[in-house]
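# Descriptive structure summary
Now for the letters of each chain:
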Amino acid sequence: MTGPVEAIARAVRQGEVRAVEVLAEHLGRIARTEPDVHAFNLVTSDVAGRQAEEVDRAVAEGRDPGPLAGVPVALKDLLCTRGVPTTCSSRVLEGWVPPYDATVVTRLAEAGAVFVGKTNMDEFAMGSSTEHSAFGPTRNPHDLSRVPGGSSGGSAAAVAAGFAAASLGSDTGGSIRQPAALCGVVGAKPTYGLVSRYGLVAFASSLDQIGPFALTVADAAMVLDVISGHDERDSTSLPGAQPSASSRLGRGVAGLRVGVIAELVGADGMAPDVAARVEEAAAALSAAGARVEPVSVPSVRYGLSAYYMIAPAEASSNLARYDGVRYGLRKPGADITEMYTATRSAGFGAEVKRRVMLGTYALSAGYYDAYYGKAQRVRTLIIRDFEDAYRSYDVLLSPTAPTTAFELGAKTADPLTMYLNDVCTIPSNLAGHPAVSVPFGRGTDGLPIGVQVLAPALGEPVMFQVAEALEAAAPTGGAA
Amino acid sequence: MRVAYLDPPLERSPGGGCRRVDRGRPGRYDGRVAQPISEDEVAHVARLARLELSQAELEQYTSQLAQVLEHAADIEALEIEGVPPTAHPFPLVNVLREDVPRPCLDRDEVLAQAPDVDQDRFRIPRILGEAP
């Protein structure tokens, strides 16, 4: 299935259309519907215009404009962009202008991408609805009364609304895949270490990964190939070359072994229409020649609890840097402790405070073993259970999110209910494995449903291979 | 400053000097997840995290954190004796590179982002206990 990324890049490279025309079309859509959707914290028309002109110049002069020539891309607003404000949707960073580019930003720019804007998100990527943004929520382009999911809700909505052909998000516990599912687009979390995190504002460092959103599986794989690869500026970046995420596209799924994770299909709160779509997806893969069976991965049911100890613990440490000293907000205080406290109390929103306190608690002496230590052992169990499953299966299948997009405000009063959105996506982050959400039909409410394909570490090629088969078999199209 | 992070934590008392903070209940690890968190404990972690809470916020956060901790009690049932902890998905350690000089961030550009600068340094309010 040819997506806009492939189509735009081909047309621009061949001189059939100019990058500035492609950009104008997308900016036109932004002008018309962005006021309703609020996908962006900042639309960067000037930056995009300069990039598009440079691409057109390269084409005119016979230079290679790059594999993503003229492709409008939106960037989650926690990716550092030199000279362009990066807020993480937090007051504490309002007005901050990074002095450097994230490695993924550099790689996309060198590939000829055109940056249309910085997308809205839950503050510091903590949330599942993009309602925890200091700058107001993003709305789901399929139904403006619903959330787009989160935390990368702006990036998902930007692609669903046609503001950009692709976007980048970050995924710590599902923050790419869950909004992709709710907005009816493809969203992939790569293997931990595949994509450099230099210039990604940190949330939970043992879990965070950057990944793409796109309208098609092939487009997502293409963008991932551009941004992945070793980077010596990220010490968690995997050394050596890895196979292209696109390398197994077009091969079908005959002979592949697919396990459907029973604990996730049957998770508490799983909507019947979502579970039914996953069963349909499994049947479709079976009809395409894969061997599909239910599989038990018992410890994934403890993933949520382990995650909500580990991620806040790491966040409480990472967010200690917002102290009003070197950048961002400073509120005055008589001494430095008062200044720290005033700055952080004014700068952080409620969800960030909640997680920082939860993490501080989980790490405090006396509770460390009971919470953080135990969660780390659960993490080992989850990795072992996945390893067992991958001895018998090439990929695993599950729902991405337990429900379709919910109403704005429906879950903000009850943090635990919000956290339950991530039950199916968290295990892959704890294991460091890749997973992708593919649109697969709609729910009884007419809103998109995503099916998740999980693969072992560095299993991106087979993961996208299976995702492509699901895309081909999906009952309806995805985007709005 | 540093002493505030010792545990049991030392806190400045109103009359000056330091006192041990009463944590409410001992945090002995007995293989069970503790009871839901108290308001005093939330107030304590808020202080450690340099967050100021109103009484209404304190009550709300206490009930919300207790709910999350209650949910986390499900890992109590797991047999984890002898299971090693995982801190990181892949065992990459001591990643080094050649020590080759290269350009760093532009100092003026970096300092331009600071809330307060004195000459080429970040300027901060007085440190606790020192003369202004």
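Residues numbered from 1 in each chain as written. Chains lettered and ligands numbered in written order. Predicted model: local features only at pLDDT ≥ 70, side-chain atom pairs only at ≥ 80, totals over all residues.

### Topic: the overall build of chain B
Scanning chain B from N- to C-terminus turns up 3 helices and 4 strands. The buried share among the 132 residues of chain B stands at 17%. (Helix = DSSP H or I, 4+ residues; strand = E, 2+ residues; numbered from the N terminus. Buried ≥ 20, exposed ≤ 12 C-beta atoms within 10 Å, placed from the backbone.)

### Some words on the overall build of chain A
In terms of regular secondary structure, chain A is built from 16 helices and 11 strands. Referenced to the eigenvectors of the C-alpha coordinate spread, the extents of chain A come out at roughly 65 × 55 × 45 Å. Partitioning the contacts of chain A with sequence separation of at least 6, the portion at a separation of at least 24 is 77%. (Contact = placed C-beta atoms within 7 Å.)

### Let's talk about the nonpolar core
Of all hydrophobic cores here, the largest spans 178 residues; its most connected members are Val453, Val466 and Leu470 of chain A. Not counting chain neighbours up to four residues away, the residues in contact with Leu470 of chain A comprise Ala281, Ala284, Leu285, Val438, Phe440, Val451 and Val453 of chain A. (Core = buried A, V, L, I, M, F, W, Y, C linked by C-beta atoms within 7 Å.)

### Remarks on the sheet that holds strand 4 (residues 166-171) of chain A
All names here are of chain A. Pairing is mixed across the open sheet formed by 11 strands, whose spatial order is 1-3-2-4-6-5-10-11-9-7-8. Looking at strand neighbours, the two that pair on one side only are strand 1 (40-43) and strand 8 (291-295), the edges of this open sheet. With direction set aside, neighbouring strand axes in the sheet form an average angle of 25°. As paired elements, strand 2 (residues 72-76) and strand 4 share 3 bridges and run parallel to each other. Looking at the pairing, Leu75 lines up with Leu168 of strand 4. (Pairing = 2+ DSSP bridges. Axes fitted to C-alpha atoms, helices over the stretch in contact; angles between N-to-C directions.)

### Some points on unusual backbone geometry
Here Gly150 of chain A and Ser151 of chain A are connected by a cis peptide whose omega angle stands at 10°. Relative to the elements of secondary structure, Ser151 of chain A occurs in the loop between strand 3 (114-119) and helix 5 (153-160). For Ser89 of chain A, which is not a glycine, the phi torsion comes out positive at approximately 50°. Mapping Ser89 of chain A onto the fold places it in the loop between strand 2 and helix 4 (103-110). Even without being a glycine, Arg50 of chain B presents a positive backbone phi close to 60°. A count of 23 C-beta atoms within 10 Å places Arg50 of chain B in the buried class.

### Observations regarding the packing of helix 1 (residues 39-48) of chain B against helix 2 (residues 55-72) of chain B
Residues and elements named next belong to chain B. Orientation of helix 1 relative to helix 2, taken along the N-to-C sense of each, is 105°, at an axis distance of 9 Å. The orientation of helix 1 with respect to helix 2, classified from their angle, is roughly perpendicular. For the pair helix 1 and helix 2, contact is made by Glu39, Val42 and Ala43 and by Leu58, Glu59, Tyr61, Thr62 and Leu65, respectively. In terms of residue class, the contact of helix 1 with helix 2 is built from 5 nonpolar, 1 polar and 2 charged. (Parallel < 35°, antiparallel > 145°, perpendicular 65-115°, else oblique. Nonpolar A, V, L, I, M, F, W, Y, C, P; charged D, E, K, R; others polar.)

### With respect to helix 5 of chain A
Residues and elements named next belong to chain A. Taking burial as the measure, the 8 residues of helix 5 include 8 buried ones, the bulk of the element. Taken together, the buried positions of helix 5 are Gly153, Gly154, Ser155, Ala156, Ala157, Ala158, Val159 and Ala160. Of the residues trailing helix 5, Gly162 is marked for its positive phi of about 80°.

### Here we look at the interface of chain A and chain B
On the chain B side, the residues contacting the 59 residues of chain A number 54 residues. Those elements that provide at least two residues to the side of chain A that touches chain B are helix 10 (303-318), helix 11 (336-347), helix 12 (350-363), helix 13 (368-392) and helix 14 (415-419) of chain A. The element that contributes the greatest number of residues to the side of chain A that touches chain B is helix 13 of chain A, accounting for 13 residues. Residue composition of the side of chain A that touches chain B, grouped by class: 30 nonpolar, 18 polar and 11 charged.

### So, the environment of Ser45 of chain A
With respect to the helices and strands, Ser45 of chain A occurs in helix 3 (residues 45-60). Sequence-wise, Ser45 of chain A and Phe115 of chain A are 70 residues apart; in three dimensions their C-alpha atoms are separated by 8.1 Å.

### Regarding the environment of Pro399 of chain A
Residues and elements named next belong to chain A. Within the fold, Pro399 resides in strand 9 (residues 395-399). Residue Pro399 is classed as buried on the basis of its C-beta count, with 28 C-beta atoms lying within 10 Å. The spatial distance from the C-alpha of Pro399 to the C-alpha of Gly432 is 18 Å, given a sequence separation of 33 residues. Excluding its chain neighbours within four sequence positions, the residues that come into contact with Pro399 are Leu264, Val265, Met270, Val274, Ala275, Val278, Cys424, Val451 and Gln452.

### A few points about the environment of Ala9 of chain A
When you line up the elements, Ala9 of chain A lands in helix 1 (residues 4-13). Among all residues touching Ala9 of chain A, those that are not within four sequence positions of it are Pro67, Leu68, Ala69, Gly70 and Val71 of chain A.

### Some words on the confidence of the model for chain B
Low pLDDT marks stretches whose predicted atomic positions should not be read closely. Residues and elements named next belong to chain B. The predicted model of chain B has a mean per-residue pLDDT of 75, with 68% of residues at 70 or higher. Mean pLDDT across the secondary structure elements of chain B bottoms out at strand 2 (residues 18-20), with 35, and peaks at helix 1, with 96. In the model, residues 1-34 has pLDDT below 50 throughout and makes 42 contacts with residues more than four positions away in sequence or in other chains. The ipTM value of the predicted complex is 0.92, and its pTM value is 0.93. (pLDDT = per-residue confidence, 0-100.)

### Some words on the pairing of strand 2 of chain A
Residue and element names in this part refer to chain A. Burial analysis of strand 2 places 5 of its 5 residues in the buried class, the great majority of the element. The side-chain alternation of strand 2 yields two buried faces, one formed by Pro72, Ala74 and Lys76 and the other by Val73 and Leu75. Pairing between strand 2 and strand 3: 5 bridges, direction parallel. Looking across to strand 3, one finds that Lys76 is bridged to Thr119. Handedness of the crossover is the feature at issue here: the chain leaves strand 2, passes through helix 4, returns alongside strand 3, and the resulting connection is right-handed. (Right-handed = clockwise from strand over helix to strand, strands pointing away.)

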